[in-house]
Structure formats: structure tokens, C-alpha cells
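Working through the structure, step by step
If you want the building blocks of each chain, they are given just below.
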Amino acid sequence: MIRVITIFCLCLLGSFSVFAQRSNGFGDQSMKGVSWKERIYTGGGMGLGFNNAQDFISVSPIIGYRLTTRFTPGVGLLYRYTNYKLATPNIKLNDYGASVFARYYLVPELFLHTEYEHLNYEFPSGVTSTRRISFDSFLGGAGYVVPLGQRSSFYVIGLYNFSYRQQASPSDPNAYPSPWIFRVGANIGFLNF
């Protein structure tokens, strides 16, 4: 895993110089003359997984605002549904969360990302019972954007959870299996209201 992360970081650093050379005025951070409607963007991610052992659905919409060409804060929501089918009866779990994030674009395709996330996580506490715990996480990392058109893009983000802790006991599980979190999603800017 460390080798993959190292190779990814080296590729990003190598591409940084290429992107910096063709930034086309990206250094001008002013959004003067751009209406508030054109500064808003939406997006997020979605995950689906179905097999004999479990079903998994994840939806994470975001909305952001371009304060400058480089700095874009925003908010996000998260919903995850998991159905463990190997248990009798099935164990169905629902997780809810909200986050506040900020992205700073080093070049048009590469950004730094920081985020505070509050997650209400449900987990099995017995054969037929579940329990809820709230987790607060501070995340930080970087992302890469691929434009798909004038007002849409695809992104990949690698984040580290600075609030991650090892599971203390079975009654105190983690919401994430690792301190590393990887996301894939899309951004869409509004054309008109």
C-alpha cells in the first residue's frame, strides 16, 4: 500500500510542473464579475455493492462555493446502508453524516482538501441488535480533477483521518477500517436557475 501511495505522489509531483506551465491565468484568483450563481457547484459520490454476503449503498452529495479561483469551501451529507445477509435475521445498518470542507487548488487539476466530518454510525451489538455511536473526524489530503466539460469534472481524493484510533473493544468500533480514505466523485456547476 505504501508503494502505491508513493508512486501516486511522485506522479502528482511530476505532473505538477506540467500543469503549472499551462495554468492559463489561473494565478489571478479574482472572481470579480462572476455571479454568485456561477460560483456554486454541486456533486458528490455514490457507491453500490451487492453480493451473497451483503448489500451496500452509499450516497454523499456536496455543494460548494468558489470564493476565488483557487479556494472553494463547501458542505456535504453522507448516507450509508449496509445489509449483512449471512446473519439470521439479516442485520441492516444505517449511517448518517455531515461535513464541512475546503479545497485549495494548487493548479487547475490538483487541489489540497481538508474536512471536518461528523458521522453517526450504526453497528451490530448482538445477534439481533444494533447500537449507534457518533464519530468526529478531521481529514486532510489531496485530490486530482479531470474536466469533463465546461461545467463538470471527475475527481479522485486521497485523505488521511487524523482522528482515527485503533478499536479499543468490540463495543467501541471504528466507522472506517483504516485511517486512509479514498473517494471518487463528480462536480457539476449550475448553468441557470
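Residues numbered from 1 in each chain as written. Predicted model: local features only at pLDDT ≥ 70, side-chain atom pairs only at ≥ 80, totals over all residues. Heavy atoms only, no water.

A count of helices and strands for the chain gives two helices and eight strands. The N-to-C order of helical and strand elements in the chain reads α-α-β-β-β-β-β-β-β-β. By the burial criterion, 35% of the 193 residues in the chain qualify as buried. The contacts of the chain with a sequence gap of at least 6 include a subset with a gap of at least 24, amounting to 55%. (Helix = DSSP H or I, 4+ residues; strand = E, 2+ residues; numbered from the N terminus. Buried < 20%, exposed > 50% of the residue type's maximum accessible area, 1.4 Å probe, protein only. Contact = heavy atoms within 4.5 Å.)

A word on the environment of Ser163. Residue position: Ser163 is located in the loop between β7 (152-161) and β8 (180-189). For Ser163, a relative accessible area of 36% translates into the label partly exposed. C-alpha separation for the pair Ser163 and Phe138, spaced 25 residues apart in sequence, amounts to 5.7 Å. If we ignore the near neighbours within four places in the chain, the residues touching Ser163 are Asp136, Ser137 and Phe138.

A few words on the sheet that holds strand β1 (residues 40-50). Read around the closed barrel, eight strands run β1-β2-β3-β4-β5-β6-β7-β8, paired in antiparallel fashion. Each strand axis lies, on average, 25 degrees off the axis of its neighbour in the sheet, ignoring direction. Where strand β3 (residues 71-84) meets strand β4 (residues 91-107), 14 bridges bridge the pair, whose relative direction is antiparallel. Paired with Phe71 across the two strands is Tyr104, which belongs to β4. (Pairing = 2+ DSSP bridges. Axes fitted to C-alpha atoms, helices over the stretch in contact; angles between N-to-C directions.)

Counting 19 residues, the largest nonpolar core has Leu119, Tyr121, Ala175 and Tyr176 as its most contacted members. At the level of secondary structure, the elements contributing two or more residues to this core comprise β4, β5 (110-124), β6 (130-147) and β7. Beyond its immediate chain neighbours, meaning those up to four positions away, Tyr121 contacts Arg80, Asp95, Arg131, Arg132, Ile133, Phe135, Pro173, Asn174 and Ala175. (Core = buried A, V, L, I, M, F, W, Y, C linked by side-chain atoms within 4.5 Å.)

Turning next to a nonpolar patch on the surface. A surface patch of nonpolar side chains, amounting to about 400 Å² of accessible area, comprises Val146, Leu148, Phe154, Val156 and Val184. Within the secondary structure layout, Val146 lies in strand β6. (Patch = residues over 30% accessible without salt bridge, like charges linked within 9 Å, V, L, I, M, F, W, Y side chains within 5 Å. Areas by Shrake-Rupley, 256 points an atom, 1.4 Å probe, with all protein chains shown as cover. Salt bridge = Lys/Arg side-chain N within 4 Å of Asp/Glu carboxyl O.)

Bringing the pattern of salt bridges into the picture now. In total, this model carries five salt bridges according to the counting rule given. In this structure, the salt-bridge partner of Arg183 is Glu117, at a minimum N-O distance of 3.9 Å. Residue Arg183 is found in strand β8, and its partner Glu117 is found in strand β5; the two are separated by 66 residues along the sequence. The class for Glu117 is buried, based on a relative accessible area of 4%. Measuring nitrogen to oxygen at the nearest pair gives 3.5 Å for the salt bridge that ties Glu122 to Arg132. Here the residue Glu122 occupies a position in strand β5, and Arg132 occupies one in strand β6, the gap between them amounting to ten residues. For Glu122, a relative accessible area of 10% puts it in the buried group. A cluster of three or more residues bridged by salt bridges with shared partners is formed by Glu115, Glu117 and Arg183.

Before going further, it helps to examine the side chain of Ser58. With respect to the helices and strands, the residue Ser58 is situated in strand β2 (residues 54-65). Those residues within four positions of Ser58 in sequence are excluded, and the remaining contacts are Gly45, Met46, Gly47, Leu78, Tyr79 and Arg80.

A regular strand places its side chains so that they alternate between the two faces of the sheet. Pairing between β1 and β2: eleven bridges, direction antiparallel. Within the sheet, the bridge partner assigned to Ile40 lies in β2 and is Tyr65. Where β1 hands over to β2, the hairpin turn is made up of three residues, counted between the paired strands.

It is worth spelling out the environment of Glu38 at this point. Counting through the fold element by element, Glu38 comes out in helix α2 (residues 36-39). Through-space distance from the C-alpha of Glu38 to that of Arg151 is 9.5 Å; in sequence the pair is 113 residues apart. Once residues within four sequence positions are removed from consideration, Glu38 is found in contact with Arg66 and Arg151.

Confidence in the prediction for the chain averages 81 pLDDT; 80% of positions are at 70 or higher. Summarising per-element confidence for the chain, the mean pLDDT is lowest in helix α1 (residues 2-21) (41) and highest in β4 (95). Counting interchain partners and residues more than four positions distant, the pLDDT-below-50 stretch residues 1-25 has 13 contacts. (pLDDT = per-residue confidence, 0-100.)

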